[in-house]
Amino acid sequence: MNDPDRWNDLAKHYEETAHPFTAPFAEAALARVEVTPQTRLLDVATGTGALALAAARAGAQVLAVDFSPGMVARVTAHGLPNLEGRTMDGQALDLPDAAFDATFSVFGVMMFPDWRKGLAEMARVTRPGGHGVVATWQSQGAATHLLLAEVVRDLFPDREWRSGLPEGLTFLGDPERLSAEMVAAGFAAPSIETMTHDYMLRMTDLDPETQFGLSEDWGALGPDDQKAVVDEVHRRAGGREVLPVPSTALIAVSTCP
């Protein structure tokens, strides 16, 4: 998950499948902060820009950063005049202190190897009185990763499985820990809400290596077991074209003292 080249390769697929799924969460996070044409807003680990594009369309002056140039290119391709994209490591932002009125990371910082540094960098570049907003999945994960974990547990209940999730996701997916870590990073204690939305897995587009390949659980399965997982996913779909996977996020909103 920490290889930008892998995300470059996945950028088109991500934009087509994950972006429509994450956009409602991004829009809900953005709605927690008042945005005007004067708002300087940073989107950390922008992906294909679900938050950045919504913020720019709302009138903010937006900088969208990601360590994957392929992802950044997808964002800037929209050609919005108030949206700039840069390739940048969110764990070491090449940006001045207190430069932004609001900093967001929607399902981004939770993926960082040093997610504490990512949170601290967000706080560093937020002006006093400005907002910091973090969205993360609950500790079990979301979408196809959540589906895979559920299927693996049901099919192979006697086996011991790694979660396959980044440490930051499993840690920050707990509201108390998320709050404590944002405070430790330099934010005030956040208000945290939950939001559930279905990931719509289109069965005609099911490509196991693409949908499940980022998971350690998938890589640990042999070919026969992988086939059993795919068969079980089809069984759960029951002939439907789309299988909904309910996924819950935490949205934490804070200010910088």
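Structure: see above.
Quick caveat: nothing in here was measured; it's all calculated off a predicted structure. In every chain, residue numbers begin from 1 and rise along the written sequence. In keeping with the model being predicted, local features are shown solely for residues with a pLDDT of at least 70 and side-chain atom pairs are shown and tallied solely at 80 or more, while totals for entire chains, interfaces and linings include all residues. The basis for every side-chain value is the complete set of heavy atoms in the structure, and neither hydrogens nor water enter the calculation.

This brings us to the pairing of strand β2 (residues 61-66). Of all six residues in β2, five are buried; the element is thus mostly enclosed. In this scheme, strands are said to pair when DSSP sees at least two bridges between them. Helix numbers and strand numbers start at the N terminus; a helix is a DSSP run of H or I with at least 4 residues, a strand a run of E with at least 2. Relative to β2, strand β1 (residues 40-44) runs parallel, the two sharing five bridges. Within β2, the position partnered with Asp43 by the bridge is Ala64. In this fold, β1 hands off to helix α2 (residues 50-57), which returns the chain to β2; that crossover is right-handed. With five bridges joining them, β2 and strand β3 (residues 83-87) adopt parallel strand pairing. Across the sheet, the residue bridging to Val65 is Arg86, located in β3. We call a crossover right-handed when, viewed with both strands directed away from the observer, the connection leading from the first strand over the helix to the second proceeds clockwise. Assessed by its sense of winding, the connection that carries the chain from β2 through helix α3 (residues 69-76) to β3 is right-handed. Per-residue accessibility, obtained with a 1.4 Å probe over protein chains only, is compared with the maximum for each type, and a residue is labelled buried under 20%, exposed over 50%, and partly exposed between these values.

Of note, the phi angle at Ala98 is positive, near 55 degrees, even though the residue is not glycine. The residue Ala98 is located in the loop between β3 and β4 (100-106) in this model. The phi torsion at Phe107 lies on the positive side, around 60 degrees, for a residue other than glycine. Looking at the element boundaries, Phe107 is found in the loop between β4 and α4 (115-124).

Further remarks concern the sheet that holds strand β7 (residues 242-255). Sheet architecture is open: seven strands sit in the order β3-β2-β1-β4-β5-β7-β6, paired in mixed fashion. Sheet topology places β3 and β6 (191-202) at the edges, where each strand pairs with a single neighbour. Neighbouring strand axes in the sheet, compared pairwise and without regard to direction, differ in orientation by 20 degrees on average. Pairing geometry for strand β5 (residues 126-137) and β7, over seven bridges, is antiparallel. Across the sheet, residue Gly132 finds its bridge partner in β7, namely Ser254. Whether two residues touch is decided by their heavy atoms; if any such pair falls within 4.5 Å, the residues are in contact. Interaxial angle, 0 to 180 degrees, is taken between N-to-C directions of lines fitted to C-alpha atoms, where a helix line uses only the stretch in contact. Each of β1, β4, β5, β6 and β7 touches helix α1 (residues 4-30); the most contacted strand, β6, lies at about 160 degrees to it. In the packing of helix α5 (residues 143-155) onto the sheet, the strands contacted are β6 and β7, and the crossing angle to β7 comes to about 120 degrees.

This brings us to the pattern of salt bridges. A side-chain nitrogen of Lys or Arg and a carboxyl oxygen of Asp or Glu constitute a salt bridge if their distance falls within 4 Å. Under the criterion given, the structure shown has 15 salt bridges. Between Arg74 and Glu15 there is a salt bridge, with its nearest N and O atoms 3.0 Å apart. Of the two residues, Arg74 is situated in helix α3 and Glu15 in helix α1; the sequence distance between them amounts to 59 residues. Its salt-bridge partner being Glu150, residue Arg236 comes within 3.8 Å of it at the nearest N-O pair. In this pair, Arg236 is assigned in helix α10 (residues 223-237) and Glu150 in helix α5, connecting sequence segments 86 residues apart.

Turning our eyes to something else, we now look at the environment of Ala188. By secondary structure assignment, the location of Ala188 is in the loop between α7 (175-185) and β6. Sequence-wise, Ala188 and Val35 are 153 residues apart; in three dimensions their C-alpha atoms are separated by 20 Å. Not counting residues within four places of it along the chain, the set of residues in contact with Ala188 comprises Val183, Ser254, Thr255 and Pro257.

To continue, consider α2. Most of α2 sits out of view: seven of its eight residues are buried. Along α2, the residues classified as buried are Ala50, Leu51, Ala52, Leu53, Ala54, Ala55 and Ala56. Of the surrounding secondary structure, the elements contacted by the buried residues of α2 are α1, β1, β2, α3, β3 and β4. In the stretch just after α2, Gly59 is the one whose phi turns positive, near 110 degrees.

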